[in-house]
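Inside the fold
Chain by chain, the residues:
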Amino acid sequence: MTIVDRPLPDRLQYKPEKIELDESVKKAKAALLNDIKRSVYIYRCDLGGCNGCEIEIFATITPVFDAERFGIKNTPSPRHADILVYTGAVTRPMRVPALRAYHGAPDPKLVISYGACGCTGGIFHDNYCVWGGTDRILPVDVYIPGCPPTPAQTIYGFAMALGLLGQKLHHKDIVEDGSVKAQLRFADVPYKVRTTLEREARLYSGYRIGQDLSDEFMEALERDGSVFANINDLIAAQSDSRKAEVFRKLRGDLEDMVVTPEQQEAQLKKGLERVVPHGDQPDATTQAILRGAGVQ
Amino acid sequence: MFKPIKEMMRVGNATTKYPFAPLERPEGARGKPEHDSANCIACAACAVACPPNAIQMVVDPKGGTIMWFINYGRCIFCGRCEEVCPTKCIKLSREFELAVMDKNDLEETCTYPLQKCSQCGKYFASAKEVAYAGDILEQQAENDEEAKRARELLSVCPTCKQKADAYRAKRRVDTVGDPTPDPTPEQMDEARKQADKNKAERRKEARF
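Residues numbered from 1 in each chain as written. Chains lettered and ligands numbered in written order. Predicted model: local features only at pLDDT ≥ 70, side-chain atom pairs only at ≥ 80, totals over all residues. Heavy atoms only, no water.

Examining the overall build of chain A
We count it as follows: The helix count covers DSSP runs of H or I at least four residues long, the strand count covers runs of E at least two residues long, and both are numbered beginning at the N terminus. Burial status follows relative accessibility: with a 1.4 Å probe on protein chains alone, a residue under 20% of its type maximum counts as buried, one over 50% as exposed, and anything between as partly exposed. Residues count as neighbours in contact if any of their non-hydrogen atoms are within 4.5 Å of one another.
In terms of helices and strands, chain A carries eleven helices and six strands. In chain A, buried positions account for 43% of the 296 residues. Residue pairs at least 24 apart in sequence account for 72% of intrachain contacts in chain A once pairs closer than 6 positions are excluded.

Thoughts on helix 5 (residues 151–161) of chain A
Residues and elements named next belong to chain A. Extensive coverage of helix 5 is indicated by the burial of eleven of its eleven residues. Taken together, the buried positions of helix 5 are Pro151, Ala152, Gln153, Thr154, Ile155, Tyr156, Gly157, Phe158, Ala159, Met160 and Ala161. Looking at the residues trailing helix 5, positive phi occurs at Gly163, about 80°.

Considering the side chain of Glu200(A)
Residue and element names in this part refer to chain A. Definition in use: In this tally Asp and Glu are treated as negative and Lys and Arg as positive; neither His nor the chain ends contributes. We define a salt bridge as a side-chain nitrogen of Lys or Arg found within 4 Å of a carboxyl oxygen belonging to Asp or Glu.
Inspection of the secondary structure assignment puts Glu200 in helix 6 (residues 191–205). Arg199 provides the closest opposite charge to the buried, salt-bridge-free Glu200, at an N-O distance of 5.4 Å. Discounting residues that sit within four places of it in the chain, Glu200 has contacts with Leu250 and Asp253.

Here we look at a negative patch on the surface
Residues and elements named next belong to chain B. The cut-off we apply is this: Every patch collects residues that have over 30% relative accessible area and no salt bridge, joining them within 9 Å if they carry like charges and within 5 Å if they are nonpolar side chains (Val, Leu, Ile, Met, Phe, Trp, Tyr). Surface accessibility follows the Shrake-Rupley procedure with a 1.4 Å probe radius. Residue values consider only the protein chains on display as shielding. Charged groups are reduced to one reference atom each: NZ for lysine, CZ for arginine, CG for aspartic acid, CD for glutamic acid.
Taken together, the side chains of Glu142, Asp144, Glu145 and Glu146 make up a negatively charged region of the molecular surface. With respect to the helices, strands and loops of the structure, Asp144 is situated in helix 5 (residues 144–154). Judged by its relative accessible area of 71%, Asp144 is exposed.

Quick notes on unusual backbone geometry
In this structure, the amide linkage connecting Asp107(A) to the following residue, Pro108(A), adopts the cis form with an omega of -10°. Positionally, Pro108(A) belongs in the loop between helix 3 (95–104) and strand 4 (110–114). Note that the residue after Tyr18(B), namely Pro19(B), is joined by a cis bond; omega there is 5°. Secondary-structure assignment places Pro19(B) in the loop between helix 1 (2–11) and strand 1 (33–35). The phi angle at Val90(A) is positive, at roughly 60°, despite the residue not being glycine. As for its placement among the helices and strands, Val90(A) is situated in the loop between strand 3 (83–87) and helix 3.

A look at the domain arrangement of chain A
Spelled out, the test is: Start and end positions for the domains come from either an automated domain assignment or a database one.
According to the domain assignment, chain A contains domain 1 (13–161) and domain 2 (191–257). Using only C-alpha atoms to locate each centre, domain 1 of chain A and domain 2 of chain A end up separated by 48 Å.

Concerning the nonpolar core
Put simply, the rule is: By nonpolar core is meant a set of buried Ala, Val, Leu, Ile, Met, Phe, Trp, Tyr and Cys residues that side-chain atoms within 4.5 Å join together.
The biggest cluster of nonpolar side chains holds 47 residues, and the ones touching the most others in it are Leu84(A), Tyr86(A), Tyr102(A), Ile55(B), Met57(B), Trp68(B) and Tyr112(B). Put simply, the parts of the chain that give this core at least two residues each are strand 1 (41–46), strand 3 and helix 3 of chain A together with helix 2 (45–49), strand 2 (55–60), strand 3 (65–71) and strand 5 (107–116) of chain B. Setting aside residues up to four positions removed in sequence, Tyr112(B) forms contacts with Glu176(A), His35(B), Ser37(B), Cys40(B), Ala42(B), Gly64(B), Thr65(B), Ile66(B), Trp68(B) and Lys128(B). The next biggest cluster of nonpolar side chains, apart from the first, holds 28 residues, and it includes Ala67(A), Ile155(A), Met160(A) and Phe96(B).

Some words on the packing of aromatic side chains
All names here are of chain A. The condition is simple: Pairing of aromatic side chains requires ring centres within 6.5 Å, counting the rings of Phe and Tyr and the six-membered ring of Trp. Pairs whose planes differ by under 30 degrees are stacked, by over 60 edge-to-face, and all others tilted. Criterion for a charge above a ring: Arg CZ or Lys NZ at most 6 Å from the ring centre, at most 35 degrees from the ring normal.
Under the defined criterion, the tally for this structure stands at three aromatic pairs over all chains. Ring geometry for Phe217 and Phe247: centres 6.1 Å apart, planes at 20°, overall stacked. Of this pair, Phe217 sits in helix 7 (residues 207–222) while Phe247 sits in helix 9 (residues 241–257), and the two are 30 residues apart along the sequence. Its relative accessible area of 0% is what places Phe247 among the buried residues. In this structure, Lys109 packs its charged tip against the face of Tyr102, placed 4.1 Å from the ring centre. Against the face of Tyr207 rests Arg202, its NZ or CZ located 4.0 Å from the ring centre.

A short note on the interface of chain A and chain B
Spelled out, the test is: Joining two parts hides part of their accessible area as seen by a 1.4 Å probe, and the buried area is that hidden amount summed over both. Polar contact is defined as a pair of N or O atoms within 3.5 Å, subject to the rule that within protein one atom must be able to donate a hydrogen and the other to accept it, and that residues adjacent in sequence are counted only when both atoms are side-chain atoms. Classification convention: Asp, Glu, Lys, Arg as charged; Ala, Val, Leu, Ile, Met, Phe, Trp, Tyr, Cys, Pro as nonpolar; all other residues, Gly among them, as polar. At least two DSSP bridges between two strands are required for those strands to pair.
Between chain A and chain B, the contact holds 63 residues from the first and 60 residues from the second. A buried area of about 5600 Å², summed over both sides, lies between chain A and chain B, and 58% of it is on carbon and sulfur atoms. For the pair chain A and chain B, the number of links is six salt bridges. Counting the contacts that link chain A with chain B gives 29 residue pairs in polar contact (both at pLDDT 80 or more). Elements represented by at least two residues in the side of chain A that touches chain B include exactly helix 4 (115–120), strand 5 (142–144), helix 5, strand 6 (172–175), helix 6 and helix 7 of chain A. For the side of chain A that touches chain B, the leading source of residues is helix 5 of chain A, giving seven residues. In the side of chain A that touches chain B, the residues fall into 34 nonpolar, 13 polar and 16 charged. Here strand 6 of chain A pairs with strand 5 of chain B via four bridges, running parallel. In the strand pairing of strand 5 of chain B, Ile174(A) is matched with Cys110(B).

Here is the structure:
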């Protein structure tokens, strides 16, 4: 599926030529992918990346993740390489080194697209000088997404290439008929209270954490029993003083929003005073409203 | 000679057991964005927020469907989609084993129906989004009548609403008269004079 491609006129788009493999090479490669019974040397090729991927590759060969226990070894020359790891979004000037490294490595060789940029072009996919992914010019065997992929993700990708682990992610097409309704979050909390609390919590402690805190706060609101007692319990149960502080502020915001019957009456009186100035006799309709509100 | 061996025993093995044993990732580690298709209302907030356009929406106005599409190969795991989702149906999980052999496996789609306008019969928004907005309006409504009216108006497309407003305004002009009539030539002259005067005064102020 190519819905990500913008329909530009053909003459404006450069179409890179992709390298096609011989039948014999394909066969040898398939055998290699199933089980490599020796240690593999990898050659790393940066095609215009931000170097985040390189740092993570370096982290992968440190003692904590130790890729060398699988026999994976970094080599400085493509002539010794079994696996070529391409990082970066493939910029126009870097296509030549990419092809030189590819042709320099002996057949059969595996190609790994590393990082979001290597897989699809990543965040640079619509840049004018970027070809968007290693597979535009080279036959890729394993895609390792991530920005950058963590050492664990890298090891998983290599383990897949070496036939140690299987693939987990699969293409999914779901069709919803619209019969299942989306659940309203915290349906018992009034809409304005919910949005105000969410906004304030995000102002206090950031967009992501603020959301979590306001969710926790509203769960306490929805619990059975007295609202303010529940909130006080929640605040008392917090071991993190920062969290307790945010909850205390949210409680203050909630207290501001609560209107007591006395306040309501005072507001009504104030509004009526504006409608009927002092000393004037109110008309029949206003008198009816006043009587309804219990104001003489 | 035993000193280094002793030291080794003390420090122990620092290397993780992964991939031979599952890896424990810490709380808040950013992994694959999990999409809960049942709770999604196809509002496209995530598609707007997504910096690398890993999430996109594809509308088919003839077939009456809207498709949510994600490419995990383009995702940068920033979590913006999670932040903006009104129903919290998209969450970054701790799942990190995303490598694939076939690029097609990185893609996921979810198709939802569109809502038809009750007046003109054209598709105008995701049906689930309209239903969700209805739920919120119902929650806010003061009585049943108001809620019912809000529900009825929801299935009318913006174009039809604009048309209805225009017709109403025209009817008012025809029956009551124009609330904002065009100025007469005398009024225009007066306004022009006033503007010139203001301009001259401003110039005077600027000079001193």
